[in-house]
Amino acid sequence: MNAGFGSQFAYPGLGGANDLAIAWLTGPILTIHVLFFTYLFAVRQHLPRLYPLMLALAGTYAVLAPLSLFTDWRTIGLILQLLAFPVTLLWMVLIVTLGFKDPKRRIYIVAFLPWLMGLFGNAIFRMGGISDNFWISYSGEITALIHLIILPILIIHRARQAEQEKDQALARELAEAHRAEQELEARVRERTGELRQEIETRSRIQARLQDALTTEQATLANQRELVAMLSHEFRTPLTLIDTVAQRLDMMLERIHPELVPRILKIRSAVTRLLGLLENCLANERLNGTGTELHLETVDVCAHLTQAYRGGTAPAEARRIRLDLPEAAVRVRCDRHLFDVALSNLVGNALKYSPPDSPVTLRVRREPAGQVAIAVQDRGQGVRPADRERIFERFFRSDGLRPQGSGLGLHLARSLARRHGGDVILEAGAEAMGAEEAEETSAGAGATFILTLPEDGPSVATDVAVNQEQAAETTAS
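Residues numbered from 1 in each chain as written. Predicted model: local features only at pLDDT ≥ 70, side-chain atom pairs only at ≥ 80, totals over all residues. Heavy atoms only, no water.

1. Some details on the confidence of the model for the chain
For clarity, the threshold we go by: Each residue carries a pLDDT value, the predictor's own confidence for that position, ranging from 0 to 100. A run of DSSP states H or I qualifies as a helix once it reaches four residues; a run of E qualifies as a strand once it reaches two. Both are numbered from the N-terminal end. Contacts are assigned to residue pairs that have any heavy atoms within 4.5 Å of one another.
For the chain, mean pLDDT is 77; residues scoring 70 or higher make up 77% of the total. Of all helices and strands in the chain, the one with the weakest mean pLDDT is helix α14 (residues 428-431) (43), whereas strand β5 (residues 370-376) scores best (92). Counting contacts from residues 469-476, a segment whose pLDDT is below 50, to residues more than four positions away or on other chains yields 4 contacts.

In structure tokens:
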């Protein structure tokens, strides 16, 4: 349009149309130019004080289009001529300054500087500073051609540069990923070696533990065999001593009655030794692996009567009082282990009661199919501090004399639990009747209650379950 080609070819019959088109398009085009340069060379970042001036210049050019509706184009052209000289000069200085200040944008000087120089020369010509010639007349077209040739080349160069930067970034990421992969593989190898070493160490420890377990099992087997042998070897002479003492008792009772108490002491000592042997054997049997109970039906009332009122009853049996129900009460148990548990409870009651005081045995049925055998003494009772530990193995209270081995109560409870029952401690005063409580003045005494499942259809199943639970408890 500036060269007149629009009036010559596009609208030859319309006078003034070329000037009107220039008036409408020059302002927006120059506004776009200013904003483009401002963004391309990062004026806001590098020259923040100049940034508002560039926006004001773009606004000035933007108002030229509506201004042409009210003003002659020659007036707008005069304004453009006045602005062309300082604006193009400012742009050239700005492009050179910012181009060298920012290496990334330095290459654009080659594309834009010739074009601006052409515009600057044309502005000087319009102001009458130089005479007309070919280069001045067509400076805009020549510099625009140079610009259109160089700018695509620069764009291609920038695209290639961006592609190279992308490839370099990708290469760096691949290198970083490869390095991370190598580090991970190294860590995996290191951890695998550590795990292999740990597995070997644990295998050696497991082998040593297995050897130790085998040795311990063999030692325990030898120990049980030794205990059984010693028990057998001791039982025969002790039984012989008891038999001889019993015959001496019968003979001396008529000839020398003053010697009878000594014979009774001998028989009591033999009874204690036999009880200790029974406890050791029962404890070994209880802790042995694969131990099974030899269950049978036992009439508790008949059994207690035979044990403590029969002809083979011990000498101290006359201190025992039996409180039995009239009807038969039957339990399902191992008779031998039941005797051991009950003998320990009765022996403790006799041992810790005054010599002239009785020991009471009561039998009663409990809810849930249990039979309770209460062994009640007239001793000092159990101290509150010892109630929690009284059933621990080898525990002996410091406040009571005489002291035992500390195995009897633990063994009695363990045997009862193996049968599906239990042994609990109940205060003696709470379990006595009013008449018996008045008779007891030495102490409150203690009552140990042995419970066993009553004989019935579901006893076998319950006992089997309790045997497994008791075995797990003993092992732990």
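From this point, the narrative continues.
2. Brief notes about the environment of V260
Condition: Burial classification: accessible surface area is computed with a 1.4 Å probe over protein chains only, and a residue below 20% of its type maximum counts as buried, one above 50% as exposed, and the rest as partly exposed.
With respect to the secondary-structure elements, V260 resides in helix α10 (residues 260-287). In this structure V260 comes out as buried when scored by relative accessible area, which is 15%. Considered as a pair, V260 and M250 are 10 residues apart in the sequence and their alpha carbons are 8.8 Å apart. Each residue touching V260, except ones within four places of it in the same chain, is listed here: D249, L252 and E253.

3. Thoughts on the pairing of strand β7 (residues 446-453)
The buried fraction of β7 amounts to 8 of the 8 residues, a majority that puts the element mostly inside the structure. Burial along β7 is two-sided: the face carrying A446, F448, L450 and L452 and the face carrying T447, I449, T451 and P453 are both buried.

4. Observations concerning a nonpolar patch on the surface
The criterion, for reference: Residues qualify for a patch when their relative accessible area is over 30% and they have no salt bridge, like charges being joined within 9 Å and the nonpolar side chains of Val, Leu, Ile, Met, Phe, Trp and Tyr within 5 Å. In short, Shrake-Rupley with a 1.4 Å probe defines the accessible areas, and a residue's cover is counted only from the protein chains shown. The salt bridge definition used is simple: a Lys or Arg side-chain nitrogen within 4 Å of an Asp or Glu carboxyl oxygen.
Taken together, the side chains of M1, L20, W24, L25, I29, L69 and F70 present a nonpolar region at the surface, about 740 Å² in accessible area. Mapping I29 onto the fold places it in helix α2 (residues 17-40).

5. Focus: helix α12 (residues 335-351)
The line we're drawing: Every helix has an expected span of 1.5 Å times one less than the residues it contains. Here a polar contact is recorded for every N or O atom pair within 3.5 Å, except that within protein the pair must consist of a potential hydrogen donor and a potential acceptor, and residues adjacent in sequence are included only if both atoms are side-chain atoms.
Compared with the 24 Å implied by 1.5 Å per residue over 17 residues, the 24 Å span of α12 between its first and last C-alpha is a close match. Among all positions of α12, only L337, F338, V340, A341, L342, N344, L345, V346, N348, A349 and L350 are buried. Among the residues of α12, the N-terminal cap falls to D334, whose side-chain oxygen and the backbone nitrogen of H336 are separated by 3.2 Å.

6. Here we look at the side chain of S353
Position of S353 among the secondary structure elements: in the loop between α12 and β4 (359-366). For S353, the side chain forms a polar contact with the main-chain oxygen of A349, separated by 2.6 Å. One polar contact links the side chain of S353 to the main-chain amide nitrogen of R378, over a distance of 3.1 Å. Apart from the residues within four sequence positions on either side, S353 is in contact with R319, V359, D377, R378 and G379.

7. So, the side chain of R413
Structurally, R413 can be placed in helix α13 (residues 408-418). At 3.0 Å, the side chain of R413 forms a polar contact with the backbone oxygen of V423.

8. Some points on α2
Note the threshold: What the bend at a residue measures is the angle between two axes, fitted to the seven residues ending there and to the seven starting there.
Compared with an ideal rise of 1.5 Å per residue, which puts 24 residues at 34 Å, α2 spans 34 Å between its outermost C-alpha atoms and is within 8% of the ideal. Taking the largest bend as the criterion, α2 deviates by roughly 30°, centred on L25, and proline P28 comes between one and four positions later. A42 sits one or two positions beyond α2 and adopts a positive phi of about 50°.

9. With respect to the packing of aromatic side chains
To keep it simple, the criterion reads: A pair of Phe, Tyr and Trp rings is counted when the ring centres sit within 6.5 Å of each other, with Trp represented by its six-membered ring. The angle between the planes then sorts it: under 30 degrees is stacked, over 60 is edge-to-face, the rest tilted. Note on geometry: a ring has a charge over it if NZ (lysine) or CZ (arginine) is within 6 Å of the ring centre and within 35 degrees of the ring normal.
Counting across every chain of the model gives 2 aromatic pairs. Seen in terms of ring centroids, F391 and F448 are 6.1 Å apart; in terms of plane orientation they differ by 85°. Their pairing is edge-to-face. Of this pair, F391 sits in the loop between β5 and α13 while F448 sits in strand β7, placing them 57 residues apart in sequence. The same class applies to F391 as to F448, namely buried. The ring of F391 carries R413 above its face, with NZ or CZ at 3.7 Å from the centroid.

10. A closer look at the environment of L264
For L264, the position within the fold is in helix α10. For L264, a relative accessible area of 24% corresponds to the partly exposed category. Through-space distance from the C-alpha of L264 to that of D249 is 7.8 Å; in sequence the pair is 15 residues apart.

11. A look at the packing of helix α11 (residues 300-309) against α12
Heads up, the condition is: Geometry is summarised by axes, namely lines fitted to C-alpha atoms with helices restricted to the contacting stretch, and by angles between N-to-C directions that run from 0 to 180 degrees. Any angle that falls under 35 degrees is termed roughly parallel, while one over 145 is termed roughly antiparallel, one within 65 to 115 roughly perpendicular, and all others oblique. By the definition used in this description, the sense in which the near helix is turned from the far one sets the handedness, with an anticlockwise turn below a right angle giving left-handed and a clockwise turn giving right-handed. When residues are grouped by polarity, Ala, Val, Leu, Ile, Met, Phe, Trp, Tyr, Cys and Pro land in nonpolar, Asp, Glu, Lys and Arg in charged, and all others, Gly among them, in polar.
Look at α11 against α12: their axes get within 13 Å of each other, and the N-to-C directions meet at 60°. Here α11 lies oblique to α12, going by the angle between them. Regarding α11 and α12, the two cross each other, and that crossing is right-handed. In contact with H303, L304 and Y308 of α11, α12 contributes R335, F338, D339, L342, S343 and V346. Across the contact of α11 with α12, the residue classes break down as 5 nonpolar, 2 polar and 2 charged.

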